[in-house]
Amino acid sequence: MLHFKRLESFLISLCVVISIFIAAIFIFLDNNTSRLMLQRVREQAVTYVDLINHAKRWNLDYGGVYVEKANGVTSNAYLEKLGINPDLQCADRRVITIRNHAIMISEISRRSEQADGVKFRLTSLLTLDPANTPDTFERIGLQLFSKEKREHFEMITGSSPPLFRYIAPLYAESSCLGCHRGRDIHPGDILGAVSISIPIQDLLKEKRHTRLIILVSALTLIGFLIAITYFMTLSLATDLKIATARLQNMALTDELTGLNNRRQVMARLEEEFQRSIRLGEPICLISLDIDRFKHINDTHGHPIGDLVLKRVAERLQSSIRPYDVVGRVGGEEFLIIAPATPSDEAVSLAERIISAIGKETIIEGPARVTVTASAGVAVIDTRDKDIDDLLRRADRALYQAKADGRNRVAGP
């Protein structure tokens, strides 16, 4: 029971360790997925910033782009405030109006927003157009740029739709000074910023789907590893239990005959001796020896001698009572412990055993062996201090049986 509890504790600890390890892997993969998603949308925003800057420089290189003033196209009122006439009269009486980089980017942003929801614009703390006044996110970014930070971004999942906001600095060029004259601005100064807003609802759905796949995979792996570990450990524990039982049996059992060995018989004798003293009950000890066993070995060989020992052990087992204890204590020597047995019953038991041993000839090939045995019986005495006293009396009785002609019992 104790070993099972230890095994159970070990299995629980092992399962906890496996679960923590897999959970750590899940957390790592989930964080890595979030990082890759953020990197992916950031790279998209950077690409937009690069395209906007290219479009801005293209517009500046041509000093702005003229379009026909029709279909709702209006003049740039902010250029007019700066004293710049944005309109030109063509020979065919058509009127064209200039589109500088700010208006061009604003109009392209409206088309982009209608197509895929991505919005972008120019913003500045020194804006000419109130529509380009920075919001809270953009103002933070512009303030950070003054501290030499080169980008600022944020995942806003609470908005509808959820957005990835990105802002990067916009540097003044010599062509910008015409519109921003009167201000202490030089080429290379941070004039403002490019602000990008990218919808990320599809990206978040993809992330949730990926997280679910990772979670299911992690739970499946945890269950699989725990099941494998449990059954392998249980199998190992079963094998160890069987091996331990075999070792214990080998430590207590005579290998040849299967009877108790000397150590086990002596331990049982000590137990029964103390029990007899405690309860005041009799206990008898029978010391038995196979007659002329050396002659059997010399005449027929050791294999026949071993066979004789096995057969004698079988006849001993079949002759004793269920509560008697029998064991092999030497080459051809055996001890039978008869608890709660008076001397006359012990003598009768010994005679029954002697009769059973000599009853049938042992035949093995050409060998025919008639086996007899002698036995000495001793009963506990009030003068006995320990089991050695009982053993000595049983041995003396055995020697007496040998001296009287063998194949007999000598009693107390």
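The coordinates are above.
Computed from a prediction, not measured in an experiment: that's the story for all the values here.

Caption draft 1: Quick peek at a nonpolar patch on the surface. A contiguous nonpolar patch, built from Phe 21, Ile 25, Phe 28 and Leu 29 and spanning about 400 Å² of accessible area, is present on the exposed surface. Mapping Leu 29 onto the fold places it in helix α1 (residues 2-61).

Caption draft 2: Fine view of helix α6 (residues 262-279). Compared with the 26 Å implied by 1.5 Å per residue over 18 residues, the 25 Å span of α6 between its first and last C-alpha is a close match. Listing the buried residues of α6 in full gives Gln 264, Val 265, Met 266, Leu 269, Glu 272, Phe 273 and Ser 276. Where the residues of α6 are buried, they touch α5 (201-252), β8 (283-290), β9 (325-328), β10 (333-339) and α10 (387-403). Positive backbone phi, at 70°, marks Gly 280, one or two positions downstream of α6.

Caption draft 3: Highlighting the nonpolar core. Formed by 33 residues in total, the largest nonpolar core has its most connected members in Leu 288, Val 308, Leu 316 and Ile 336. Counting residues per element, the ones that place at least two in this core are β8, α7 (293-300), α8 (302-319), β10, α9 (343-357), β12 (367-369) and β13 (373-379). Leave out the neighbours within four places in its chain, and Val 308 touches Ile 290, Phe 293, Ile 296, Ile 362, Val 369 and Val 371. Among the nonpolar cores identified, the runner-up in size contains 20 residues, and Ala 45, Val 49, Ile 105 and Leu 122 belong to it.

Caption draft 4: Main features of the pattern of salt bridges. Per the stated rule, a full pass over the model turns up 23 salt bridges. Note that Asp 135 and Arg 165 form a salt bridge whose closest N and O atoms lie 3.1 Å from each other. Note that Asp 135 is positioned in the loop between β4 (119-123) and α4 (136-145) and Arg 165 in strand β6 (residues 163-171), a separation of 30 residues in sequence. Taking the shortest distance from any N to any O, the salt bridge between Asp 384 and Arg 393 comes out at 2.4 Å. Look at Asp 384 and you get buried, because its relative accessible area is 10%. Overall, Arg 393 belongs to the partly exposed group, its relative accessible area being 23%. Overlapping salt bridges bring together Arg 268, Glu 271, Glu 272, Arg 275 and Glu 281 as one network.

Caption draft 5: Representation of the pairing of strand β7 (residues 190-199) within the structure. A large share of β7 lies buried, amounting to 8 of its 10 residues. Of the pairings in the sheet, the one linking β4 to β7 comprises 5 bridges and is antiparallel in character. For Thr 123, the partnering residue across the bridge sits in β7 and is Ala 193. Judged from the 9 bridges that link them, β6 and β7 form a sheet pairing that is antiparallel. For Leu 163, the partnering residue across the bridge sits in β7 and is Pro 199.

Procedures and definitions
Residues numbered from 1 in each chain as written. Predicted model: local features only at pLDDT ≥ 70, side-chain atom pairs only at ≥ 80, totals over all residues. Heavy atoms only, no water. Patch = residues over 30% accessible without salt bridge, like charges linked within 9 Å, V, L, I, M, F, W, Y side chains within 5 Å. Areas by Shrake-Rupley, 256 points an atom, 1.4 Å probe, with all protein chains shown as cover. Salt bridge = Lys/Arg side-chain N within 4 Å of Asp/Glu carboxyl O. Helix = DSSP H or I, 4+ residues; strand = E, 2+ residues; numbered from the N terminus. Expected span 1.5 Å × (residues − 1). Buried < 20%, exposed > 50% of the residue type's maximum accessible area, 1.4 Å probe, protein only. Contact = heavy atoms within 4.5 Å. Core = buried A, V, L, I, M, F, W, Y, C linked by side-chain atoms within 4.5 Å. Pairing = 2+ DSSP bridges.

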